[in-house]
Amino acid sequence: MLTAVCFAANARNQENIERKQLFDYNWKFTLGDIQKASANDFDDKSWRSLDLPHDWSIEGKSDLKNPTSGAGGYFPAGIGWYRKEFNVPAAWRGKHVSVYFEGVYMNSEVFINGKSLGIHPYGYSSFYYDLSPYLNYNKENILAVRVDNSRQVNCRWYSGSGIYRHVWLFVTNPVHIEQWGTVITTTDRSTKKATVRIKTYVKNETSLPQSIVLSTQLTDKNAKNAGDNVIKVDVAANNEKEVVQTLIVNNPMLWTPETPYLYQVKVRVLKENQVIDATQIPFGIRTLKYSSENGFQLNGKTVKINGGCVHHDNGCLGAAAFDRAEERKVELLKSAGFNAIRTSHNPPSEAFLNACDKLGLMVIDESFDGWKESKTPYDYALFFDNWWQRDLESMLKRDRNHPSIIIWSIGNEIIERKTPEAVETAKMLVDCIHKMDSTRPVTSAMTTWDKDWEIFDPLMAAQDICGYNYQMHRAPADHERVPSRVIVQTESYPKDAFYNWNMVNTHDFIIGDFVWTAMDYLGESGIGRYYYPGEPKGEHWETDLFPWHGAYCGDIDLIGWRKPISHYRNLLWNNTEKLYMAVREPNPENGEIKETMWSVWPTWESWTWPGQEGKNIQVEVCSKYPLVRLYLNDKLIGEQPTTKEKEFKATFTLPYTPGLLKAVAVEENQEMESTVLKTADKPAQLRLMADRTKILANGQDLSFVTVEITDKNGVIQPNADNRFSFQLNGLGTIAGVDNANLKDLDPYVGTTRKAWHGRALVVIRSTRKKGDIILRVSSPELPDAIITIKSGIHL
C-alpha cells in the first residue's frame, strides 16, 4: 500500500519534473589514471572544469611518438577521469532516475557515489545505467567516469578520447515508457492515406499491477492533429507491457531527400486522468522496397543513390559531437549533391541522424568495422563475442525511428569473410536485426583483391543487399550468376566517379555508389595523398607518412571547401550544377607529381600561377552542355564537346598568361552560362565569412568563420600562406582552428593558424551568457578584420 501511495504522490509531481535533462555542464576532468577518483570525498579542486562534449585527444599535438600511430593521426590517447557533482531533490524519491551516455571512447567505467555501475567497452554505442538505488536525496551526489583509451592501436581511424557525445539524465515515474521504448513504422502507404503503427513498451516498476491509459497523437509541422489513438492498458507488477496502436493518416506528406517532411508522435501515459509520463518523437512517413528488377524504391519510386562514406570526426573539433557541427556536416554533404551517407564504420551521433532526418539525407547505419578477427591489436574483436548483441541492439533501438535510415550494415571488410564461420556470424547478426526491424534491409561491405570473388556468395546470400567495396566491375557477371542479387557499391575510388555513375544509372540491380570518402577526416594518415619529388613514395599502409595525420580522399576538405571532384560528381548526379572550371596543378621543375590509389590530381579554382608564364597548363571544364568554349583575356582559345561520350569533361592545354579565364557553355550554337577565374594580385586584405552570425547562448552552439586572403579587388590569393592570429572578445571561446592542410602540425586548439591556399577556419563556441562575440583576425602586413557574432536565447 505504501508503494501505491508513494507512486500516486510522484505521479502528481511528474509534470513539474523535466523527463530528459541535459547533463553536459559543469564537469571536472583530468588526464591520468587517478587512484580513488571515484570516491565522493576525493578532492578534485585541481581538476579542469569543462562542459561536454569533450575530446581530449584533439587538444594534444600530433606527434610521431604517440602510440595511436598513423591510424589514429598520431594524436595522444591514454586514460582520463571525469567527475560531476549534482543535487538530487527530495521530490525525486521514488522516481526512476537513470543516466544516459550517447558515446564515450572507450572502455568507460561509471561510478555513482563510489559504486561502480559497469564497464562499457565499445566507444561508439550508446548506453545507460539506473542510478535510483544509489542516490542521496536532498544531498550532493558524485558521478565519476573513468575512460581508458590507452591500449593502442584500437581503431583504424581517428577515434578521439573521452565523453565526446551528450550525457542526459532521465527522471520518470515507476510506471513509464521504457528507454527507446517507442517503435514507429509505416506499414501501408498510398497518395491518399498511410497506416502508421506505433508500438510502445510500458514498464511498471512497482509491486502492484497498474491500470493506465496510453494516449498517442500524430501532429503535422503546424501542430495540427493528423491521427490519434487512446487505449486502456493493464500492466502487471514489476513487468513490461507491449502496446500496439494503429493510426490512419489522410493525405500524408511523405519523407524524401527532396522533401524531408517530419511529423511528431507524442505518447502519453495517464493514470487517473493525470499524465505520469510522456515522450515526443519526430517521424517521417515513407516506405522502402528493393529488388534486382526495380532497384531501390522510396515511396514506390526508384531512387538512384549518390552516396559518400563519412567518419565521425569534425575536423578541428575532433570527435566532439556538437549538435551544430553535426548539422553543418549534413548541410555540406547536401550542398555537395549527396543524397545518402554511410556511417563508416560505426553508429553516428544522434545529432547527426537528427540532421539527416531534418535536411533529407539517406543513411546506411553501420554497426562494426570487424567481428571476431582483429584488424588492429586492441580493436572490437576483443569484445565481439560478449558484446555484439548488446551493442547491435543499442544501435537498433536508438536509431530505428529515424526515417533517414534506409539500410542497416553489420560490418566492413570483415577479416574472416572467406570462412564458413563468417557466414554463421552474418546470419546471427542479420537475424537479430530482422527480429527487431523487418522494414529495412541489411548489408555489409565486402571486397577482395584476389580472383576468388565467388567464395563470398554464401556470405552475400545471408544479407538482403550486397555491399561491394571497389568491385563494381564484377556486378554484371554477378548478375548473370545470381540474377536476384541487389548490389550497392559501399566504397569506391574518387577518380572513378564517371564509371560508377554510369554503372548505377544503366543497371537496375545496382542501386547506388558510396565514394570513399565524402569528406576528409583525421587518422588513416596519408590515404588520398598525392606527393611531390623527394617525398615518401607509396600508399598510406606501406610506411609512416608523418607529418600526414589525416585522410585527403574526401570530396570536401576539413574546413568545408568543396574540391573540384565534388563539383564534377554533383554535375554527374544532379542538375543543380551544369558548368564548372578548375586548373590542374603543373608538375614542378624537379620532377612529377605522383598519385596514390584514393587520390585525384591536385586541381584548384585558381588562375594564379606565378613562375609558369609561357608554360603549358591544363584547364579542366566540366559541363552538362554539349559544348564549351574557353576564353583567355577575351580571346577564344578553343571549343570542345562535353557530351556523355566525353564524360562531360573537356581539357584545354594553353600557355599560362595572367588575366581572366572564362569557360562558356554552348547549346545549339548559343552561348549560355559562364564561369570565370581571375589572376589574383598580391595579398591586400582579409575576408571573414561566418556560416551564422547569430548563435544560441547555450554553451554549445557554434559559428564557423572562414578566413580568406584576397587582393585589393577581393579575388582570393590561392598561394597565400600568411599566419593568422585570432583574438576573441566577449562571451565566447575559440573551439578550434584549421586550414585543411593535413601535413600542418599546428595544434587544432589554439589562437593561431597559417593559411593554406589562401584559407583558414576558426570555430567560435558560445557560453551560457548572451551578448556579442567579437573576433579580430590579424596577419602581418595586412589590415585586421573583425566580425561580430551575436549570442542570445533566440536565433
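Residues numbered from 1 in each chain as written. Predicted model: local features only at pLDDT ≥ 70, side-chain atom pairs only at ≥ 80, totals over all residues. Heavy atoms only, no water.

A. Structural context of the pairing of strand β8 (residues 127-130). Covered by surrounding structure in β8 are F127 and Y129 only, the residues Y128 and D130 on the alternate face being uncovered. Examined bridge by bridge, strand β5 (residues 96-101) and β8 share 4 bridges and lie antiparallel to one another. Within the sheet, the bridge partner assigned to S98 lies in β8 and is D130. (Buried < 20%, exposed > 50% of the residue type's maximum accessible area, 1.4 Å probe, protein only. Helix = DSSP H or I, 4+ residues; strand = E, 2+ residues; numbered from the N terminus. Pairing = 2+ DSSP bridges.)

B. A look at the pairing of strand β48 (residues 771-779). Where strand β44 (residues 723-730) and β48 come together, 6 bridges link them in antiparallel fashion. Pairing of G730 across the sheet is with I773, part of β48. Note: β48 against strand β49 (residues 782-792), 8 bridges, orientation antiparallel. Within the sheet, the bridge partner assigned to V777 lies in β49 and is A785.

C. Spatial organisation of the sheet that holds strand β21 (residues 305-309). Spatially, the 8 strands close up into a barrel ordered β21-β22-β23-β24-β25-β26-β27-β28, and their pairing is parallel. Between one strand and the next, the sheet's axes are offset by a mean angle of 25 degrees, whatever the strand orientation. Strand direction decides the pairing type here: β21 and strand β22 (residues 340-342), joined by 3 bridges, are parallel. Within β22, the position partnered with G307 by the bridge is A340. (Axes fitted to C-alpha atoms, helices over the stretch in contact; angles between N-to-C directions.)

D. Spatial organisation of the packing of aromatic side chains. By the definition in use, this model includes 43 aromatic pairs. A connected cluster of aromatic rings, assembled from ring pairs, spans Y105, Y122, Y124, W157, F368, Y380, F384 and W388. In this structure, K20 packs its charged tip against the face of W168, placed 4.3 Å from the ring centre. The side chain of K662 reaches across the aromatic face of Y631, ending 5.6 Å from its centre. (Phe/Tyr/Trp six-rings, centres within 6.5 Å; stacked < 30°, edge-to-face > 60°. Lys NZ or Arg CZ within 6 Å of the ring centre and 35° of its normal.)

E. Quick look at the nonpolar core. Within the largest apolar cluster, 144 residues are counted, with the highest numbers of intra-cluster contacts made by L333 and W607. Residue contributions to this core peak at 7 residues, all from helix α5 (residues 420-436). Formed by 30 residues, the second largest nonpolar core is a distinct cluster that contains F29, F86, I112 and I163. (Core = buried A, V, L, I, M, F, W, Y, C linked by side-chain atoms within 4.5 Å.)

F. Molecular detail of the sheet that holds β44. Sheet architecture is open: 5 strands sit in the order β42-β49-β48-β44-β46, paired in mixed fashion. The open sheet has two free edges, formed respectively by β42 (694-696) and β46 (752-754), since each of these has just one partner strand. For this sheet the average axis-to-axis angle between neighbouring strands, irrespective of direction, equals 30 degrees.

G. View of the environment of D681. Position of D681 among the secondary structure elements: in the loop between β40 (670-678) and β41 (685-690). D681 has contacts with D711, K712 and Q717, leaving out every residue within four places of it along the chain. (Contact = heavy atoms within 4.5 Å.)

H. Structural detail: the side chain of E416. Inspection of the secondary structure puts E416 in the loop between β24 (405-412) and α5. One buried charge, E416, has no salt-bridge partner; the nearest side chain with opposite charge is K372, at 6.9 Å. A polar atom in the side chain of E416 sits 3.5 Å from the backbone nitrogen of E373. If sequence neighbours within four positions are ignored, E416 has contacts with W371, K372, E373 and A422. (Lys, Arg positive; Asp, Glu negative; His and termini not counted. Salt bridge = Lys/Arg side-chain N within 4 Å of Asp/Glu carboxyl O. Polar contact = N/O pair within 3.5 Å; in protein donor to acceptor, adjacent residues only side chain to side chain.)

I. Broad picture of the packing of helix α4 (residues 384-399) against α5. In contact at an axis separation of 10 Å, α4 and α5 are set at 30 degrees when each is read in the N-to-C sense. Taken together, α4 and α5 sit at an angle that is classed as roughly parallel. The interaxial crossing formed by α4 with α5 has right-handed handedness. Each of F384, W388, L392, E393, L396 and K397 in α4 lies in contact with α5, whose residues at this interface are T425, M428, L429, C432, I433 and M436. Here the residues of the contact of α4 with α5 are counted per class, giving 9 nonpolar, 1 polar and 2 charged. (Parallel < 35°, antiparallel > 145°, perpendicular 65-115°, else oblique. Left-handed = near helix turned anticlockwise from the far one by under 90°. Nonpolar A, V, L, I, M, F, W, Y, C, P; charged D, E, K, R; others polar.)

J. Structural context of helix α3 (residues 350-359). Taken across its 10 residues, α3 has 7 buried, putting it largely inside the fold. Looking only at α3, the buried set comprises E350, A351, F352, L353, A355, C356 and D357. Where α3 is buried, its residues contact β5, α2 (323-335), β22, β23 (362-366), α4 and β24. Positive phi shows up at G360, right after α3, with a value of about 90 degrees.

K. Region of the structure containing unusual backbone geometry. The step from L52 to P53 runs through a cis peptide bond, and the omega angle for that step is 0 degrees. Structurally, P53 is set in the loop between β3 (48-50) and β4 (78-88). Residues W516 and T517 are joined by a peptide bond in cis, for which omega reads 5 degrees. Position of T517 among the secondary structure elements: in the loop between β28 (510-515) and β29 (521-522). A positive phi is found at E668, a non-glycine position, where the angle reads about 50 degrees. Phi is positive for H757, which is not a glycine, with a value near 55 degrees.

L. Main features of the packing of helix α8 (residues 497-506) against helix α9 (residues 564-573). The N-to-C vectors of α8 and α9 enclose an angle of 20 degrees; their axes lie 10 Å apart at closest approach. When the axes of α8 and α9 are compared, the pair comes out roughly parallel. Classified by chirality, the crossing of α9 by α8 is right-handed. Along the contact surface, α8 presents A497, F498, W501, V504 and N505, while α9 presents I565, Y568, R569, L572 and W573. Here the residues of the contact of α8 with α9 sort into 8 nonpolar, 1 polar and 1 charged.

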